[in-house]
Amino acid sequence: MKIERIKKAALKMKEAGLDGVLYAQGANLQYLLEANGYWWQRSCDTNIMGFSSAYNLPDVLLYLNAEGEYQIIANIHNKDYFQKNYEGHVTLSYMDQYEDALAPFVKGKRIGVSVSCQKHLTELLKAIDEEIEVVDGENLLNDIRCFKDEDEIKAIREIARFTDDAVSYVVANLKYGMTMREAENLLVEYGYMHNIDDLSFPPTVGFKTQHTITTSEVSYYDREWKLQPQTSIAFDVGFMKNGYCSDWGRTIYVGKAPEICKRGYEALNEGILHMVRSIVPYKTNINELYALVKEKVVELGMGDYLRYQDIEMLGHQIGIDCHEFPMVNKDHDFIIKPGMTFAVEPKMWFDNEMYMRVEDIVLITEDGAEILTNFDRKLFEIELED
């Protein structure tokens, strides 16, 4: 495990005036213990402090005090993993005895808790000592987790490469008459065939046939719509392996695309490349990235089609969670530094024609930035056999 992570978290706790933190299964627990081999169920609801009813009850607990001492409360079916990897720091219990197992380790009156199982954790702490003040502990590690170490970067690099390959597989197996649902299932099946741990979120392979569907929100597209000529396909897919996520997007066009759409696709790709070349570590702010993309898009004459210009939303950090802080938009003031990994996803909408997405994972290095997703940027128009 990463003892350095525990030390940094303890320092953050002291700065925040916390006596301890109590985390159930989730990104912070995985991060602090480097528990990449511990599988915990995720969903879109767990992104950006989301809460899902599936997380009402804890599968495992981690208690860490401000001195850097930690204890794991594990249920019986997780005993082999935790006892093997954290000998001397594990108490076995079952759900109805979590209070008794945890009580000897809880000291102090101000404890931060995770969003995962928040209600249950609060009740546990109050049962141990009703005078404990329970506060948010989820955000405590944001400024630590956004900087990835070499092992984390390796994991993200590998899952980014896998995602490129998965979409290449789907593109090679597209057929007229297949539905959106069937195309999305190809992505899922490819992941299963290659022993992926999970998906970051439900994949989208959004079919938009020319002069159909008026909504610009691809999530509302009919998943039973069948692939036919003059159809754009907007991919949004993420996989998980070794505890880390990918998030990836591209658009292709079946048939001959309208010239305006071809120009838009080129502009989005050039906008991302311009942004990456313009990043100066320790100087560029996260809230400047949208403007860098827009600068190139406008230069290429496609500025009117760029979406989210009011809020300048471009993307998010990525790691254990698919969506991590700080977000990439105008509201976050955060200087970019080496080790940050984020997904940038500028979008366009062409009425009666297509929804367009280009999304890449970017790594900040000491010298600048590197794009980890390397799907062919020139692959836009494709032809299928009848």
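Provided above is the structure to which this section pertains.
First, a word on scope: everything that follows refers to the structure included in this document. Everything numeric in this text was worked out from a predicted model, so none of it was measured.

1. A closer look at unusual backbone geometry
Next up, step 1: Here the amide bond leading from F325 into P326 is cis, since omega sits at -5°, within 30 degrees of zero.
Next up, step 2: Mapping P326 onto the fold places it in strand β14 (residues 324–328).
Next up, step 3: The phi dihedral of E312 is positive, around 50°, even though this residue is not glycine.
Next up, step 4: Relative to the assigned elements, E312 resides in the loop between α10 (289–299) and β13 (315–317).

2. Some points on the sheet that holds strand β7 (residues 198–199)
Next up, step 1: The strand order across the open sheet formed by 3 strands is β7-β10-β11, and the pairing between neighbours is antiparallel. Two strands lie at the open edges of the sheet, namely β7 and β11 (244–245), each paired on one side alone.
Next up, step 2: As paired strands, strand β10 (residues 239–241) and β11 are joined by 2 bridges and run antiparallel to one another. Residue pairing for β11: M240 is matched across the bridge by C245.
Next up, step 3: Sheet strands in contact with helix α7 (residues 150–172) are β10 and β11, and its direction is about 140° off that of β10.

3. Some words on the packing of aromatic side chains
Next up, step 1: As enumerated under the stated definition, the model contains 14 aromatic pairs in all.
Next up, step 2: Ring centres of F147 and F334 lie 6.1 Å apart, and the angle between their planes is 35°; this geometry places the pair in the tilted category. Of this pair, F147 sits in the loop between α6 (142–145) and α7 while F334 sits in the loop between β14 and β15 (341–344); the two residues are 187 residues apart in sequence, bridging distant segments of the chain.
Next up, step 3: Residue classification places F334 among the buried residues on the basis of a relative accessible area of 16%.
Next up, step 4: Judged by centre distance (5.4 Å) and plane angle (40°), the rings of F162 and Y190 are tilted. Of this pair, F162 sits in helix α7 while Y190 sits in helix α8 (residues 180–193); the two residues are 28 residues apart in sequence, bridging distant segments of the chain. The pair formed by F162 and Y190 is uniform in burial state, with each residue classed as buried.
Next up, step 5: For R5, the ring lying beneath its charged end belongs to Y31, and the centroid distance is 4.3 Å.

4. Observations concerning the layout of surface pockets
Next up, step 1: Taken as a whole, the largest pocket holds about 700 Å³ of empty space.
Next up, step 2: Around the largest pocket, the lining comprises 30 residues; the ones closest to its centre are F201, D236, H323, E345 and R357.
Next up, step 3: The set of elements that each furnish at least two residues to the lining of the largest pocket consists of α8, β13 and β17 (354–357).
Next up, step 4: At 4 residues, the largest contribution of residues to the lining of the largest pocket is made by α8.
Next up, step 5: Here the residues of the lining of the largest pocket are counted per class, giving 13 nonpolar, 7 polar and 10 charged.
Next up, step 6: Looking at the second largest pocket, its volume works out to about 270 Å³.
Next up, step 7: Around the second largest pocket sit K262, Y265, E266, N269, E270, L273, R377, K378, F380 and E381, which together line it.

5. As for the pattern of salt bridges
Next up, step 1: In this structure the tally under the stated criterion is 24 salt bridges.
Next up, step 2: Between R5 and E152 there is a salt bridge; the shortest N-O distance is 3.6 Å. Here E152 lies in helix α7 and R5 lies in helix α1 (residues 3–16), a separation of 147 residues in the sequence.
Next up, step 3: On the basis of relative accessibility, which here comes to 3%, the residue E152 falls in the buried class.
Next up, step 4: Residue D360 is joined to R377 by a salt bridge in which the shortest nitrogen-to-oxygen separation is 3.0 Å. Of this pair, D360 sits in strand β18 (residues 360–364) while R377 sits in the loop between β19 (369–371) and β20 (381–382), and the two are 17 residues apart along the sequence.
Next up, step 5: Through salt bridges with shared partners, a single network forms among D236, E345, K347, R357 and E359.

Analysis parameters
- Residues numbered from 1 in each chain as written.
- Predicted model: local features only at pLDDT ≥ 70, side-chain atom pairs only at ≥ 80, totals over all residues.
- Heavy atoms only, no water.
- Helix = DSSP H or I, 4+ residues; strand = E, 2+ residues; numbered from the N terminus.
- Pairing = 2+ DSSP bridges.
- Contact = heavy atoms within 4.5 Å.
- Axes fitted to C-alpha atoms, helices over the stretch in contact; angles between N-to-C directions.
- Phe/Tyr/Trp six-rings, centres within 6.5 Å; stacked < 30°, edge-to-face > 60°.
- Buried < 20%, exposed > 50% of the residue type's maximum accessible area, 1.4 Å probe, protein only.
- Lys NZ or Arg CZ within 6 Å of the ring centre and 35° of its normal.
- 1 Å grid on protein atoms, 1.4 Å probe; cavity = no way out; pocket = protein on both sides within 12 Å on 5 of 7 lines; lining within 4 Å.
- Points joined across faces, edges and corners; volume = space filled by probe spheres on them.
- Nonpolar A, V, L, I, M, F, W, Y, C, P; charged D, E, K, R; others polar.
- Salt bridge = Lys/Arg side-chain N within 4 Å of Asp/Glu carboxyl O.

Geometric descriptors of this kind do not, in isolation, establish any biological role.
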